[in-house]
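# Descriptive analysis of the structure
Listed here are the chains, written in short residue letters.
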Amino acid sequence: MELTCIVCPRGCTINYDVENGEAINITGNACPRGKAYTEAEIKAPTRMVTSTVPIRGAHCHQLPVITSAPIPKGSIFEVMEEIHNTSIEAPVKMGQVIIENVAGTGIQILAARSLNKES
Amino acid sequence: MRKVTCVIIGGGSAGLAAAIELKKNGIDDLLVLEKGPEVGGILNQCIHNGFGLHEFKEELSGPAYAERFALQAEELGIPIECNTTVTAFYPDKSIEVSNKNGYEVIQADAVVLAMGCQERTSGQIQIPGMRPQGVYTAGTAQRYVNIDGYQIGKRCFILGSGDIGLIMARRMTLEGAKVLGVAELMPYSNGLQRNIVQCLKDYDIPLYLSHTVTNIEGYPRLQKVTISEVDENRQPIKGSEKVFEVDTLLLSVGLVPDNTLTVEAGISLDARTRGIEVNEYCESIMPGVFAAGNVLHVHDLVDYVTAEGRKAGRGAVRYLKGELPERNGFVTKAGNGISYVLPQRVDYPSEDESVEFSFRVRSPYKNASIVVKNGNEEVKRIKKLALLPAEMEKVILPKEVLTTIHDELVIEVEEA
């Protein structure tokens with residue numbers, strides 16, 4: 001079997017076999033992260049999610065947000081629903097927690113940038 | 001007239017990197033001119049992650065990457081004027097600006113051009129059919145969604161498989177829209193493979209290679225997009241039409257360096273990159289005029305833009321300190337299979353330990369070699385499992401090789 005690694009822009013083509021639901025004989029990865037990605041992709045795929053939430057009192061209307069860690073791929077739309085139900089007031093600091101334990105994943109939604117309050 | 005030692009036009013990733021490099025090397029009389037309300041440029045709307053793997057060994061979102069450099073510039077005390085548009089730039093390095101204080105002329109000793117790029121529009125690709133609402137360039141749509149918070153459509157089709165189009169396919173899906181497909185004129189994608197996987201495959205969005213939009217219908221709002229398969233001459237094949245009922249069409253059909261100011265200043269452009277011709281210090285044919293980032297050639301990775309901005313900054317420092325010797329080098333040439341090579345000239349082959357060359361292939365290759373030649377003589381060969389036009393390639397040559405080249409350096413692809 002073959003997949004494209006998405007860990008970095010290099011995008012290695014990785015070959016592997018599956019045995020008992022796990023990836024084995026992994027080749028083609030340029031770094032150890034490619035192997036870890038392939039193993040996770042076969043067993044329990046995860047993704048980082050980025051989106052925006054409305055912000056009041058800043059110079060722009062949306063605050064970019066990002067998951068604190070990759071979330072299970074199957075939870076992406078539940079996570080998005082919580083993000084859609086959230087809004088915030090400026091000021092915000094980069095890395096500030098916007099949602100705790102999003103969709104029960106144990107992962108946080110963080111502010112991806114700082115936005116000052118506009119006077 | 002205000003006099004400034006070095007003016008940087010554009011406060012995106014290239015401009016900030018150049019300014020930081022200048023300041024760190026003792027050039028204090030600097031000015032960054034930014035047309036937007038804040039620095040960071042296009043990164044501020046690129047909310048997806050994957051930026052900074054080379055610079056920070058981390059995967060940051062675009063705004064976070066921008067903020068790190070904006071903070072560094074602030075800590076260094078680099079003067080930045082936002083909401084300021086440069087309306088003209090002249091060969092004597094005088095710059096006309098317009099902002100809330102009105103019109104002003106600034107005289108600089110050195111200038112770094114860092115204006116970024118523009119999207120190709122529907123007019124430039126001669127898209128057929130009607131002209132309804134709901135047809136946007138992908139980057140404009142990205143701004144509307146990520147900064148302005150507009151919902152731009154519910155059923156969407158995308159023409160062009162450039163990275164912004166792919167990223168927007170996922171973004172629109174996450175925002176609750178249905179993305180019916182992406183059509184790409186070429187038989188291969190123009191985006192990074194990882195974006196095909198994480199933006200299209202993850203959400204079961206079909207990619208129609210060798211297809212293009214052949215009709216647009218709807219008034220006042222877009223209702224239908226027709227795509228057709230194309231033959232090897234990129235001509236639509238009759239009978240292959242597919243119709244999609246959509247209210248939104250995004251165009252991700254290429255980026256072009258924004259050199260309006262440069263051309264008006266009388267500096268000619270390289271027909272292939274659509275940017276100016278530069279040497280290894282990102283310096284144009286006019287001494288003291290430098291360019292970096294997407295205004296020079298369109299990059300795939302912001303990390304490379306930052307590195308190039310730094311290089312231009314370093315060049316400007318050496319120019320301002322009078323450290324650059326007389327130009328005495330060679331030109332580079334895009335050989336077989338290569339669309340362009342940057343820099344176009346090496347003017348100071350014995351100044352640095354090595355020079356890095358960037359280039360792109362014209363079409364995809366598997367198991368090919370990149371061959372670097374001094375005229376007809378081979379000086380370096382690199383085997384490549386895969387080469388794609390969407391992925392910029394680099395080769396570094398040491399001083400020992402550079403000083404032996406007297407006429408031209410050729411980079412070409414050799415198939416196995």
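Residues numbered from 1 in each chain as written. Chains lettered and ligands numbered in written order. Predicted model: local features only at pLDDT ≥ 70, side-chain atom pairs only at ≥ 80, totals over all residues. Heavy atoms only, no water.

This paragraph deals with the overall build of chain A. Each helix and strand counted, chain A has two helices and ten strands in total. Sequence-ordered secondary structure for chain A, helices as α and strands as β, is β-β-β-α-β-β-β-β-α-β-β-β. For 119 residues, the compact-globule formula gives about 14 Å, and the C-alpha radius of gyration of chain A, at 18 Å, lies well above that figure. Seen through its principal axes, chain A has C-alpha atoms that stretch 60 × 30 × 15 Å. In chain A, buried positions account for 44% of the 119 residues. Summed over all atoms, the accessible surface of chain A reaches about 6,000 Å², with 49% contributed by carbon and sulfur. A distance of 9 Å separates the average location of the 10 positive side-chain charges in chain A from that of its 12 negative side-chain charges. (Helix = DSSP H or I, 4+ residues; strand = E, 2+ residues; numbered from the N terminus. Rg over C-alpha atoms; globule rule 2.2 N^0.38 Å. Buried < 20%, exposed > 50% of the residue type's maximum accessible area, 1.4 Å probe, protein only. Areas by Shrake-Rupley, 256 points an atom, 1.4 Å probe, with all protein chains shown as cover. Lys, Arg positive; Asp, Glu negative; His and termini not counted. Charge placed at Lys NZ, Arg CZ, Asp CG, Glu CD.)

Let us look at the overall build of chain B. The number of helices and strands found in chain B is eight helices and 27 strands. Since a compact globule built from 416 residues should have a radius of gyration of about 22 Å, the 22 Å found for chain B is in line with a globular shape. Counting only C-alpha atoms and orienting by the principal axes, one finds that chain B spans roughly 65 × 60 × 40 Å. For chain B, buried positions account for 58% of its 416 residues. Taking contacts inside chain B between residues at least 6 apart in sequence as the whole, the part at least 24 apart equals 64%. Just so you have it, chain B exposes about 17,500 Å², and 47% of that area is on carbon and sulfur atoms. Of the charged side chains in chain B, 44 are positive and 56 negative, and the gap between their average positions amounts to 4 Å. (Contact = heavy atoms within 4.5 Å.)

Moving on, we get to the domain arrangement of chain A. Domain parsing of chain A yields domain 1 (2–43) and domain 2 (50–111). Once you take the C-alpha centre of each, domain 1 of chain A and domain 2 of chain A turn out to be 29 Å apart. (Domains from an automatic or database assignment.)

Looking now at the pattern of salt bridges. Overall, the coordinates contain 30 salt bridges over all chains when judged by the stated rule. The shortest N-O distance in the salt bridge between Arg2(B) and Glu104(B) comes to 2.7 Å. Here Arg2(B) is found in strand β1 (residues 2–9), whereas its partner Glu104(B) is found in strand β8 (residues 102–113), with 102 residues between them in sequence. With a relative accessible area of 25%, Glu104(B) lands in the partly exposed category. In this structure, Lys333(B) engages Glu408(B) in a salt bridge whose closest nitrogen and oxygen atoms are separated by 4.0 Å. Of this pair, Lys333(B) sits in strand β20 (residues 330–334) while Glu408(B) sits in strand β27 (residues 408–415), placing them 75 residues apart in sequence. One continuous salt-bridge network, built from bridges that share partners, spans Glu41(A), Arg47(A), Lys73(A) and Asp202(B). (Salt bridge = Lys/Arg side-chain N within 4 Å of Asp/Glu carboxyl O.)

Ranked by internal contacts, the top residues of the largest apolar core, which has 65 residues, are Val7(B), Ile9(B), Leu22(B), Ile95(B), Val112(B) and Leu113(B). Formed jointly, this core draws a minimum of three residues from each of two domains, domain 1 (1–119 + 254–324) and domain 3 (327–416) of chain B. Aside from chain neighbours lying at most four places away, what touches Leu113(B) is Ile9(B), Phe89(B), Thr262(B), Ile276(B), Val289(B), Phe290(B), Ala291(B), Ala292(B) and Val295(B). Judged by nonpolar contacts, the second largest core, of 45 residues, contains Val65(A), Ile71(A), Ala141(B) and Val179(B). (Core = buried A, V, L, I, M, F, W, Y, C linked by side-chain atoms within 4.5 Å.)

On to the environment of Ile237(B), then. Residues and elements named next belong to chain B. Looking at where Ile237 falls in the secondary structure, it is placed in the loop between β15 (224–229) and β16 (242–245). Classification of Ile237 by relative accessible area gives partly exposed; the value is 35%. Residues Ile237 and Val305, spaced 68 residues apart in sequence, show a C-alpha to C-alpha distance of 40 Å. The residues touching Ile237, leaving out its near neighbours within four places in the chain, are Ser228, Glu229, Val230 and Asp231.

Moving on to the interface of chain B and chain A. With 30 residues of chain B at the contact, the number on the chain A side is 29 residues. For the pair chain B and chain A, the summed buried area comes to about 2,500 Å², and 57% of that belongs to carbon and sulfur atoms. Among the residues of chain B in contact with chain A, Glu67(B), Leu174(B) and Arg194(B) are the three that bury the most area, contributing 21% of the side total. Applying the counting rule to chain B against chain A returns three salt bridges. For Asp202(B), the salt bridge identified is with Lys73(A), shortest N-O distance 3.2 Å. Run the count over chain B and chain A and you get 14 residue pairs in polar contact (both at pLDDT 80 or more). If you list the elements that add at least two residues to the side of chain B that touches chain A, you get α2 (62–75), α3 (138–148), α4 (163–174) and α5 (193–200) of chain B. In terms of residue class, the side of chain B that touches chain A is built from twelve nonpolar, nine polar and nine charged. (Buried area = accessible area lost by both parts, 1.4 Å probe. Polar contact = N/O pair within 3.5 Å; in protein donor to acceptor, adjacent residues only side chain to side chain. Nonpolar A, V, L, I, M, F, W, Y, C, P; charged D, E, K, R; others polar.)

Tracing the chain through its elements places Asn44(B) in the loop between β2 (30–33) and β3 (49–51). On the basis of relative accessibility, which here comes to 9%, the residue Asn44(B) falls in the buried class. What Asn44(B) contacts, discounting residues up to four positions off in sequence, is Arg113(A), Glu38(B), Val39(B), Pro63(B), Ala66(B) and Ile147(B).

In this section: the sheet that holds β16(B). Residues and elements named next belong to chain B. Taken in spatial order, the three strands line up as β14-β15-β16 in an open sheet, and their pairing is antiparallel. In the strand order of this sheet, the two ends are held by β14 (211–217) and β16, each with one partner. On average, each strand axis in the sheet is tilted by 25° relative to the strand beside it, whichever way the strands run. Of the pairings in the sheet, the one linking β14 to β15 comprises six bridges and is antiparallel in character. Across the sheet, residue Thr212 finds its bridge partner in β15, namely Ser228. (Pairing = 2+ DSSP bridges. Axes fitted to C-alpha atoms, helices over the stretch in contact; angles between N-to-C directions.)

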